[in-house]
Amino acid sequence: MSRAHNFAAGPAALPTSVLEQAQAEMLDFRGTGMSVMEMSHRSAEFIEIAETAEADFRELLGVGDDYHVLFLQGGATQQFAAIPLNLLRGRSVANYVHTGAWSAKAIKEAGKYCDARVIATSEASNYDCIPERAAWAVDDDAAYVHICSNETIGGVQFHEFPEVGPELVADMSSDILSRPVDVSRFGLIYAGAQKNIGPAGLTLVVVRKDLVGHARPQTPSMLDYAVHAEADSMSNTPPTYTWYLAGLVFKWLKDAGGLQAVQQANAHKAATLYNAIDASNFYRAPVAVPYRSSMNVPFTLADAALDADFLAGAKARRLMNLKGHRSVGGMRASIYNAVSQESVDALVSYMAEFERERG
Ligand SMILES: *Cc1c(COP(=O)(O)O)cnc(C)c1O
């Protein structure tokens, strides 16, 4: 068996050992004679899987007892609506920092429910940075300040989280569990699973308990955090198999030494790739250095007419999914937790080879 080097932005690479364990347990999960996907979510076996996954996630990220961890469906996109519906708590204003495509979507959706004010934007420089905190026009009466910790398409990442008066809310879909985070700084953190947690179909919401229970009366039950919290995320059938696989990924992260070790490995991978880009006159990374993402690395070739050849040569070496997002073009290498240093090394040596031959 030989696995491709997968640089997909999401759904994305999963650790081979996790997939092997899932394969080994596919037909008979630990003597039950059933696959996890055939089990009742109310069975003792599945409750154990669910509780273990939550406990491991809490331990990895350092989530205190004053926070709920919810295992939901609907993707991060559904949270764009759920957040204002739950967190406005009678207020009419929320603040948003606009750093690229995903924060733009969050802003647009929130605008259906409140005055979703953009308090800072990097639009003028085509989203190549995070606006300085000093320039954020935070409203005193805002229910929360929303940021996207890592813009998956633009490759721009918060490397520190500024103090804000109102509750800080972060879309961490593409960098959750890639580094330690001080959860107590946030009112709410959310993330779709398919980048750094597991397969698609699961969304994690970490929300401080006192923020739950104040949803607008007309909020659909499926979007009301209180409904999910009271039912341990089993108010209806949860995405059981994805939850199980996420649990295997959490064990894998713990075995890897936890988030401090994972952050180091990620920093090394990112440095390998950015250094190669910066050292060449042929490749260019558009994001300003202090804001570059360690998860999604967009880059362009000196001549866009060579893009198709670059991608074809990459594919021949099983370097997959390097085409940039359709909205920005060029290339993008997503190097999430499960993408190995070996895959990044293979990419960098192909890039050097392509530059020698075609640059
Ligand atoms: C992928 C992504 C989303 C959307 O996730 P879905 O699960 O497709 O709804 C939102 N925000 C960020 C930062 C993402 O990377």
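Procedures and definitions
- Residues numbered from 1 in each chain as written.
- Predicted model: local features only at pLDDT ≥ 70, side-chain atom pairs only at ≥ 80, totals over all residues.
- Heavy atoms only, no water.
- Helix = DSSP H or I, 4+ residues; strand = E, 2+ residues; numbered from the N terminus.
- Rg over C-alpha atoms; globule rule 2.2 N^0.38 Å.
- Buried < 20%, exposed > 50% of the residue type's maximum accessible area, 1.4 Å probe, protein only.
- Areas by Shrake-Rupley, 256 points an atom, 1.4 Å probe, with all protein chains shown as cover.
- Domains from an automatic or database assignment.
- Contact = heavy atoms within 4.5 Å.
- Buried area = accessible area lost by both parts, 1.4 Å probe.
- Salt bridge = Lys/Arg side-chain N within 4 Å of Asp/Glu carboxyl O.
- Polar contact = N/O pair within 3.5 Å; in protein donor to acceptor, adjacent residues only side chain to side chain.
- Pairing = 2+ DSSP bridges.
- Axes fitted to C-alpha atoms, helices over the stretch in contact; angles between N-to-C directions.
- Core = buried A, V, L, I, M, F, W, Y, C linked by side-chain atoms within 4.5 Å.
- Patch = residues over 30% accessible without salt bridge, like charges linked within 9 Å, V, L, I, M, F, W, Y side chains within 5 Å.

A. A look at the overall build of the chain. Looking only at helices and strands, one finds nine helices and 14 strands in the chain. Over its C-alpha trace the chain gives a radius of gyration of 21 Å, about what one expects of a compact globule, namely 21 Å for 359 residues. In terms of overall dimensions, the chain has a C-alpha envelope of 60 × 60 × 30 Å along the principal axes. Scored against the burial criterion, the 359 residues of the chain give a buried share of 55%. Here the chain displays about 15,400 Å² of accessible surface, and carbon together with sulfur accounts for 50% of that area.

B. Representation of the domain arrangement of the chain. Each domain of the chain was delimited in the assignment, giving domain 1 (17-255) and domain 2 (257-358). A C-alpha centroid distance of 27 Å is found between domain 1 and domain 2. Domain 1 puts 27 residues into the contact, and the matching count from domain 2 is 25 residues. In total, about 2,000 Å² of surface goes out of reach between domain 1 and domain 2, with carbon and sulfur atoms giving 55% of it. Taken together, domain 1 and domain 2 are joined by zero salt bridges. There are 16 residue pairs in polar contact (both at pLDDT 80 or more) connecting domain 1 and domain 2.

C. Quick look at the side chain of Ser 122. The topology assignment puts Ser 122 in the loop between β4 (115-121) and β5 (144-148). Excluding residues within four positions of it along the chain, Ser 122 makes contact with His 98, Thr 99, Tyr 127, Cys 129 and Pro 131.

D. Quick peek at the sheet that holds strand β11 (residues 283-284). Across the sheet, which stays open at both edges, the three strands sit in the order β11-β12-β14 with antiparallel pairing between neighbours. Among the strands making up the open sheet, the edge pair consists of β11 and β14 (331-334). The strands touched by helix α7 (residues 258-279) within the sheet are β11, β12 (296-301) and β14, with β12 carrying the most contacts at an inclination of about 20°.

E. Layout of the nonpolar core. Phe 57, Leu 61, Trp 136, Ile 176, Leu 177, Tyr 244 and Phe 250 are the most contacted members of the largest nonpolar core, which totals 58 residues. No other element matches helix α6 (residues 240-255), which puts nine residues into this core. Taken together, domain 1 (17-255) and domain 2 (257-358) each give at least three residues to this core, which thus spans both. In contact with Leu 61, not counting residues within four places along its chain, are Ile 176, Leu 177, Val 181, Val 183 and Leu 259. Within the second largest apolar cluster, 29 residues are counted, among which are Ile 83, Leu 88, Val 169 and Val 205.

F. Focus on the pairing of β5. Along β5, five of the five residues are buried, which leaves the element largely enclosed by surrounding structure. With burial as the criterion, each face of β5 is covered, one bearing Tyr 144, His 146 and Cys 148 and the other bearing Val 145 and Ile 147. In terms of strand pairing, strand β3 (residues 93-98) meets β5 through two bridges, oriented parallel. Of the residues in β5, the one forming a bridge with Asn 95 is Val 145. Sheet topology note: the β5/strand β8 (residues 167-171) ladder contains five bridges and is parallel. From the neighbouring strand, Ile 147 faces β8, where its bridge partner is Ala 170.

G. Local environment of the environment of Leu 259. Here Leu 259 lies in helix α7. Residues Leu 259 and Ile 176, spaced 83 residues apart in sequence, show a C-alpha to C-alpha distance of 9.9 Å. Setting aside chain neighbours within four positions, we find Leu 259 in contact with Leu 60, Leu 61, Leu 177, Arg 179 and Pro 180.

H. Local environment of the sheet that holds β3. Strand order in the open sheet formed by seven strands is β2-β10-β9-β8-β5-β3-β4, with mixed pairing between adjacent strands. With one partner strand each, in any of the chains shown, β2 (67-72) and β4 form the two edges of the open sheet. The average angle at which neighbouring strand axes cross in this sheet is 20°, direction not considered. Where β2 and strand β10 (residues 203-208) come together, six bridges link them in antiparallel fashion. Along β10, the bridge assignment pairs Phe 71 with Leu 204. Along the sheet, helix α2 (residues 44-61) makes contact with β2 and β10, crossing β2 at roughly 130°. Docked against the sheet, helix α4 (residues 101-110) engages β3, β4, β5, β8 and β9 (188-192), running at close to 160° with respect to β3.

I. Focus on the environment of Ala 53. Mapped onto the fold, Ala 53 is located in helix α2. Given a relative accessible area of 2%, Ala 53 falls into the buried group. Residues in contact with Ala 53, not counting those within four places in the same chain, are Phe 71, Trp 243, Gly 247 and Phe 250.

J. Seen up close, a nonpolar patch on the surface. Together, Met 26, Leu 27 and Met 37 give the surface a local cluster of nonpolar side chains, amounting to about 310 Å² of exposed area. Mapped onto the secondary structure, Met 26 falls in the loop between α1 (16-24) and α2.

K. Structural view of the environment of Ser 125. Summarising the element assignment, Ser 125 is placed in the loop between β4 and β5. By relative accessible area, which is 32% here, Ser 125 ends up partly exposed. Spatially, the C-alpha atoms of Ser 125 and Pro 286 are 10 Å apart, while their sequence positions differ by 161 residues.

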